[in-house]
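What follows is each chain in one-letter form.
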Amino acid sequence: MANTVVINSKEYAIDVADDMPLLWFLRDRLEFTGTKFGCGSGLCGACTVHMDGTAIRACVMPISAVAGKSITTIEGLSENGDHPLQKAWVENNVPQCGYCQAGQIMNAASLLATNTSPSDDDIDAAMQGNICRCGTYQRIKKAIKSAAFELAKEV
Amino acid sequence: MNRHLHAAIHGDTAANPIENTNRRQFLKIASMASGGLAIGFTLPGMASPASQDDNISLNAFIHLQENGDTLIYSSRCEMGQGISTALPAAIADEMEADWSRVHVEQAGGDKDKYGDQATGGSASIRTQFEPMRQAGAAAKMMLVAAAAKVWNTSVDNCYAENHFVINKLNKQKLGYGELASLAAKVPVPKDPVLKTKDQYRYIGKALDRHDVGLVTTGQRMYGVDTKLPGMRYAAIVHCPVFGGKLKSLDKTAAMQVKGVTDVIEIPRLDVPYGSVGGVAVVADNSWTAQQAVKKLVVEWEAGPNAVYNTKEYKQQLVANVEKPAKKAAERGDVEKAFAEATHKVSATYTGGHLSHAPMEPNASVVWVQDDSCEVWASTQSPDDIQKTLGGYLKRDPKDIKVNVMISGGAFGRKFKCDYVHEAAAISQQIKAPVQLIWSREEDMRTGYYHSINAQHIEASLDKDGNVTGWLHRIAFPSISSLFNPSLDRAPDNALGDIENHPFGIANLRSESGEAPAHTRIGWYRAVYAIFYGFAFGTFADELAHKAGKDTVKFLNDVYDANTNPEQADQVMRSKAVLALAAKHSGIGKKLPKGEGIGIAVHHSFQSYVAMAVHVKVDGDDIKVLNVDCAIDCGQVLNTDGATAQMEGAVVMGMSLSLYTEISFKDGAVVNSNFHDYPVLRINEMPNVRVHIVDSDAKPTGLGEPGVAPFAPALSNAIFAASGTRYRDIPIKPLSA
Ligand code: FES
Ligand code: FES
């Protein structure tokens, strides 16, 4: 198996211990700090990134398990910060402290990739793993819906 | 310790501190070396009154550059409450600056320059709105004066609009950038003229947060995100029982982990914001450090607080409030009122410890060198970092340089800098910059917790259902215990919110029951208003039922009974938010079986909030459908920010009334992470509607006041829906 990982379209050698979670490879080794540490146990979603397009929790994903895969972090979600979700987040002034929001957006992007017009229940089910202690849930729902609406217009 | 500061910010008088009405401000102006205009001013708490001087080291809240870019420093700490948008917007408005040309930067910790930066008590807007506006207005007047000079006309012929000064006579325009350097040379206006409400451009509108774009692209830098060359990473395990100490340590296994360089003992620093004591591991990265911490073989000597078990302690608090306790305040004759009562009602309420659990755990980077010490930290109080580290390192607090990072949530926790002290202790020993991030488990187990509490209220009603007497006993370990560990109960001033509640009750006595502290107690968003709001709001509903009145009418009656002229404003404003929430919620209308609406009002931090909560109850299943939230915080700076604060308050209110509770067993916290400290998630989010009272009153803060009325409104709603009365929060504790 290749001992490299592609992160935001660039290939990196894996030069840390096999069991180091992807989160710390990103944050401490590559200094991509957009992905956050919240619980370290897969309970809060702050560390959500994409592996081959699907949301995963980077804090519980050993680096060895992502060798040869393609990872997208918040820094690489779009070229200019203009993913429909990112735009919807700005329009709806979603963030308060903002700390959870990279994880929220990455998780929502993964949802929209498979479900282009999620219902309230779909959003609840998909986003339940992402805690926002500041309490921005109402706006997150609204922003996901407006992004879905924009995406529908694009296709 | 700076107890005065804290008294001023938060106080143990809980939610309603006395205002300082000194309005005198000193502006100071300078031209910048690079050209342009810089304006600073003094705020309460600054070292020296400012003067006019070209060479002053400016605090410079405003930098207007020659290209027109305007930099505004936000002196208060940002933790998600939006203060770094709200206050700069007040400056920009008075200045007639174009918001799109304004950049906001977080000011570093410097009390002499920026005044009191400690951010808490919902006080920033209350204390800084006026001075910020005056600075903006002064800038505008100077720009207008500069333009008048250029055109050789009178200032009366000129006016400012959206980053330009315009000549009324010939419609000529000069941009702010062009005028900046000239403006720096005109005399400073003595009494800047402020706008009237109809002239506001940003104040009172829904304003975009200035930094959302950085958040959505992952570029906003928090306390956890600092990277320095040569920086080391640390993790820590703390003494689990407050007041305990290290008995033995075997670090062999930890030291064998590849990448680990040091294991460092950190003894307890016995000052209020110092470390409780712990052992830290230093490594190449956070992960390695965290893994190695688990390999430490540590034995602790627990000390006297090993007796602390919250289950028994809470029962003891209940016992202590169900018998006579120490009198704090009294008016009228409660015994006589009780003797003459038509009805007597009594109830006991309890609540548990809470952990702030912001999504970003405690984190900082500190670099201690022989001749300097620099800190990068998520914090609510850079000043306390300077004092605590100054004391620890035996250096002048002024020599501690604090870079205030954005906090990934704080809710009161990051007022205390024990985690920064620990990073300093590590850096001092390893002689390198170090980043210490607490694990979630350490964050949850090493807190400054919201007080566990019990309250017992007895009240009398006359034949018309009016309240004639009120006996209110409370027992809780208070925040004062942090500064004075010998306290065996909450001091009288911590019961001030009982005596000063705007309910009109002629005969009232408050009593403080025994409640020694066995852990560190701290300010948690809304502080004592959480339990006072719960008891007053729920008990009012219980009294209304006994009196045979609907709760809205009962509340109006009990407010109307207040004849104290000093509280007339409180009564009027409490009733207004009550009416607004009642109207929008439709309380009183017929609902399907199993549904109910409950309402509660609470006045705290000089703001007024009423919440009407609509629930659907099916057995144990409690679903909150809608929350109508009416607020009066005087003039609103940013309506969208105010709305966001209320949405957040509902979420926090819901977490603490349904789920969150920190339990102790044998002195140590039982909870560890979000599985056993379950906070609200998106699937339970109700529909929150925020209604803002249009007011010209002095603006007051909103970070905290929204939390208090949720729990009582919920309890009242559940009662309306099902007939079950919940008097203990959280309603669904995990480890019951
Ligand atoms: S940090 Fe990964 S789920 Fe919480
Ligand atoms: S915005 Fe602060 S935790 Fe979500």
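Positions within a chain are numbered from 1, following the residues in the order the chain's sequence is written. The naming scheme follows written order: chains are lettered A onward, ligands numbered 1 onward. Owing to the predicted nature of the model, reporting of local features is limited to residues with pLDDT of at least 70; listing and counting of side-chain atom pairs is limited to 80 or more, with chain, interface and lining totals taken over all residues. To get the side-chain values, take all heavy atoms of the structure and skip hydrogens and water.

What to know about the overall build of chain B
Note the threshold: Numbering of helices and strands runs from the N terminus, with a helix taken as a DSSP run of H or I at least four residues long and a strand as a DSSP run of E at least two residues long. As a reference, a globule follows 2.2 Å times the number of residues to the power 0.38, and the radius of gyration itself is taken over C-alpha atoms. Under the scheme applied here, a residue whose accessible area is under 20% of the maximum for its type counts as buried, over 50% as exposed, and between as partly exposed, the area being computed with a 1.4 Å probe on protein chains only. Two residues form a contact once any of their heavy atoms are found within 4.5 Å. Surface accessibility follows the Shrake-Rupley procedure with a 1.4 Å probe radius. Residue values consider only the protein chains on display as shielding. By the counting scheme adopted, Arg and Lys are positive, Glu and Asp are negative, and His together with the chain ends is not counted. Taken as the charge location is NZ of Lys, CZ of Arg, CG of Asp or CD of Glu.
Scanning chain B from terminus to terminus reveals 20 helices and 29 strands. Expected size for 736 residues packed as a compact globule is a radius of gyration near 27 Å; at 27 Å, chain B falls within 12% of this value. Projected onto its principal axes, the C-alpha positions of chain B cover 80 × 70 × 45 Å. Across the 736 residues of chain B, 65% fall into the buried class. Pairs at least 24 apart in sequence give 77% of the contacts found in chain B among residues at least 6 apart. Taken as a whole, chain B presents about 26,000 Å² of accessible surface, with 50% of it coming from carbon and sulfur. Taking the average location of the 75 positive side-chain charges in chain B and that of its 82 negative ones, the two points are 1 Å from each other.

Notes on the overall build of chain A
In terms of helices and strands, chain A carries 5 helices and 5 strands. Listed by position from the N terminus, the elements making up chain A come as β-β-α-β-β-β-α-α-α-α. Over its C-alpha atoms chain A spans a radius of gyration of 15 Å, differing by no more than 12% from the 15 Å that the globule rule assigns to 155 residues. C-alpha atoms of chain A, sized along the principal axes, occupy 40 × 35 × 25 Å. Put simply, of all contacts in chain A between residues at least 6 apart along the chain, 59% involve residues at least 24 apart. Accessible area for chain A stands at about 5,800 Å²; split by element, carbon and sulfur atoms hold 49% of it. In chain A, 13 side chains carry a positive charge and 17 a negative one; their mean positions are 7 Å apart.

Some points on the interface of chain B and chain A
As a reminder, the rule being used: Each of two parts loses accessible area, computed with a 1.4 Å probe, when they are put together; buried area is these two losses added. Criterion for a salt bridge: a side-chain nitrogen of Lys or Arg within 4 Å of a carboxyl oxygen of Asp or Glu. Distance and chemistry together define a polar contact, namely a pair of N or O atoms within 3.5 Å, with one atom able to donate a hydrogen and the other to accept it when in protein, and with adjacent residues in sequence counting only for side-chain atoms on both sides.
Across the contact, 62 residues belong to chain B and 47 residues belong to chain A. Overall, the association of chain B and chain A removes approximately 4,500 Å² of surface from exposure, summing both partners, and the carbon and sulfur fraction of that is 57%. The largest share of the area that chain B buries against chain A comes from Trp287(B), Met359(B) and Ile682(B), three residues that together contribute 19% of it. Scanning the region where chain B abuts chain A turns up 5 salt bridges. The interface formed by chain B and chain A includes 25 residue pairs in polar contact (both at pLDDT 80 or more). When contributions to the side of chain B that touches chain A are tallied by element, the ones reaching two or more residues are α6 (212-216), α8 (286-294), α13 (440-445), α19 (639-658) and β28 (687-692) of chain B.

Details of the pattern of salt bridges
Evaluated as defined, the whole model comprises 48 salt bridges over all chains. The salt bridge partner of Lys227(B) is Asp28(A), with a shortest N-O separation of 3.0 Å. Of this pair, Lys227(B) sits in the loop between α6 and β9 (232-238) while Asp28(A) is found in helix α1 (residues 22-29), placing the two residues in two different chains. Judged by relative accessible area, which is 19%, Lys227(B) ranks as buried. Relative accessible area serves as the criterion here: at 9%, Asp28(A) is assigned to the buried category. Across the pair Asp270(B) and Arg268(B) runs a salt bridge, and its minimum N-O distance is 3.0 Å. Note on Asp270(B): relative accessible area 60%, which makes it exposed. Here the salt bridges share partners, and the residues they tie into one network are Lys327(B), Glu330(B), Glu335(B), Arg473(B), Arg509(B) and Glu511(B).

Description of the sheet that holds strand β5 (residues 70-72) of chain A
All names here are of chain A. The criterion, for reference: At least two DSSP bridges between two strands are needed for those strands to be called paired. Only the contacting stretch of a helix is used when fitting its axis, a line to C-alpha atoms as for every element, and angles between N-to-C directions run 0 to 180 degrees.
Across the sheet, which stays open at both edges, the 5 strands sit in the order β2-β1-β5-β3-β4 with mixed pairing between neighbours. At either margin of the open sheet sits one strand with a lone partner, and together these are β2 (10-13) and β4 (54-57). On average, each strand axis in the sheet is inclined to that of its neighbour by 40°, with strand direction left out of account. With 4 bridges joining them, strand β1 (residues 4-7) and β2 adopt antiparallel strand pairing. Each residue of the ladder has a partner; that of Val6, found in β2, is Glu11. α1 rests against β1, β2, β3 (48-51), β4 and β5 of the sheet, and its axis sits at about 70° to β1. Across the sheet, helix α3 (residues 101-114) touches β3, β4 and β5, and the angle it forms with β3 is around 35°.

That is the geometry; function is a separate question.
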